[in-house]
Amino acid sequence: MAVEHGEREFRFCPHCGGEFNARILKEGDPARLVCDRCGFVFYLDPKVAVGTIIRTTDHEIVLCRRAIEPGYGRWVFPGGYVDRGEKLEDAAVREAREECGLDVELEGLVSLHSYRGKTPIIIVWAARAVGGELKVADEESLEVRTFGAETIPWNDLAFESTGEALRAYFEQTAI
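Residues numbered from 1 in each chain as written. Predicted model: local features only at pLDDT ≥ 70, side-chain atom pairs only at ≥ 80, totals over all residues. Heavy atoms only, no water.

A. Representation of the pairing of strand S4 (residues 32-35) in the model. Two strands pair when backbone bridges link them, and strand S3 (residues 20-23) and S4 are joined in this way by four bridges, in the antiparallel orientation. In the strand pairing of S4, Asn21 is matched with Val34. Bridge count for S4 against strand S5 (residues 41-42) is two bridges, and the pairing is antiparallel. Across the sheet, Leu33 pairs through a bridge with Phe42, a residue of S5. (Pairing = 2+ DSSP bridges. Helix = DSSP H or I, 4+ residues; strand = E, 2+ residues; numbered from the N terminus.)

B. Region of the structure containing the sheet that holds S5. Across the sheet, three strands lie side by side as S3-S4-S5; this open sheet has antiparallel pairing. With one partner strand each, in any of the chains shown, S3 and S5 form the two edges of the open sheet.

C. How the structure looks around the state of the cysteines. This structure, assessed with the given rule, holds zero disulfides. Among the cysteines around Cys13, which has no disulfide bond, Cys38 carries the closest sulfur, lying 3.8 Å off. Take Cys64: it sits in no disulfide, and the sulfur closest to it among the cysteines is that of Cys100, at 5.4 Å. Classification of Cys64 as buried rests on a relative accessible area of 1%. (Disulfide = S-S within 2.5 Å. Buried < 20%, exposed > 50% of the residue type's maximum accessible area, 1.4 Å probe, protein only.)

D. The arrangement of helix H1 (residues 88-100) in detail. End to end, H1 covers 18 Å across 13 residues, agreeing with the expected 18 Å (1.5 Å per residue, within 8%). Buried within H1 are the following residues: Ala91, Ala92, Arg94, Glu95, Ala96, Glu99 and Cys100. Looking at the packing, one finds that the buried side of H1 touches strand S6 (47-55), strand S7 (61-66), strand S9 (79-81), strand S10 (102-114), strand S11 (120-132) and strand S12 (141-147). (Expected span 1.5 Å × (residues − 1). Contact = heavy atoms within 4.5 Å.)

E. Representation of the nonpolar core. In terms of nonpolar packing, the biggest core is built from 17 residues, with Ile53, Leu63 and Leu166 touching the most fellow members. Those elements that provide at least two residues to this core are S6, S7, S11 and helix H2 (160-172). Looking at this core element by element, the count peaks at four residues for H2. In terms of nonpolar packing, the next biggest core, distinct from the first, is built from ten residues, Cys64, Ala96, Ala129 and Val144 among them. (Core = buried A, V, L, I, M, F, W, Y, C linked by side-chain atoms within 4.5 Å.)

Here it is, written out as structure tokens:
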């Protein structure tokens, strides 16, 4: 039995190659993928993502225009997935450097986001640029630029969490 998780479909056990079937293991819990051959239970856990709302020395916010789906051509602050074993804060700093070329110092937590039926949990920090060069630093962005609070492209943001986090940031910060 194949079960979809986000954009992936899981059909076979990573331990023995046996076929998965969805079963209720405990009343009240969702169905879990269980291997018919070895009994391995495959938990479909969320994926953790981080983002940084970066304030530049001229008090503008850095946004990247996405070069990948989902959200191709739309704006988002630098961010991405946390690697297994990586500290959340280290991932946020790494993603900022990878996506927009800036070295940042985290200033505090802005917001947390999760949505029913969606895989990622998104953790967003406020940060300030402390070095590096603002540029398209990887293949995930078409363009990287700064925006004043009054020029944020609110109708062209890539994700619901992007708008929610930016609104929370501006409520908490006098930029």
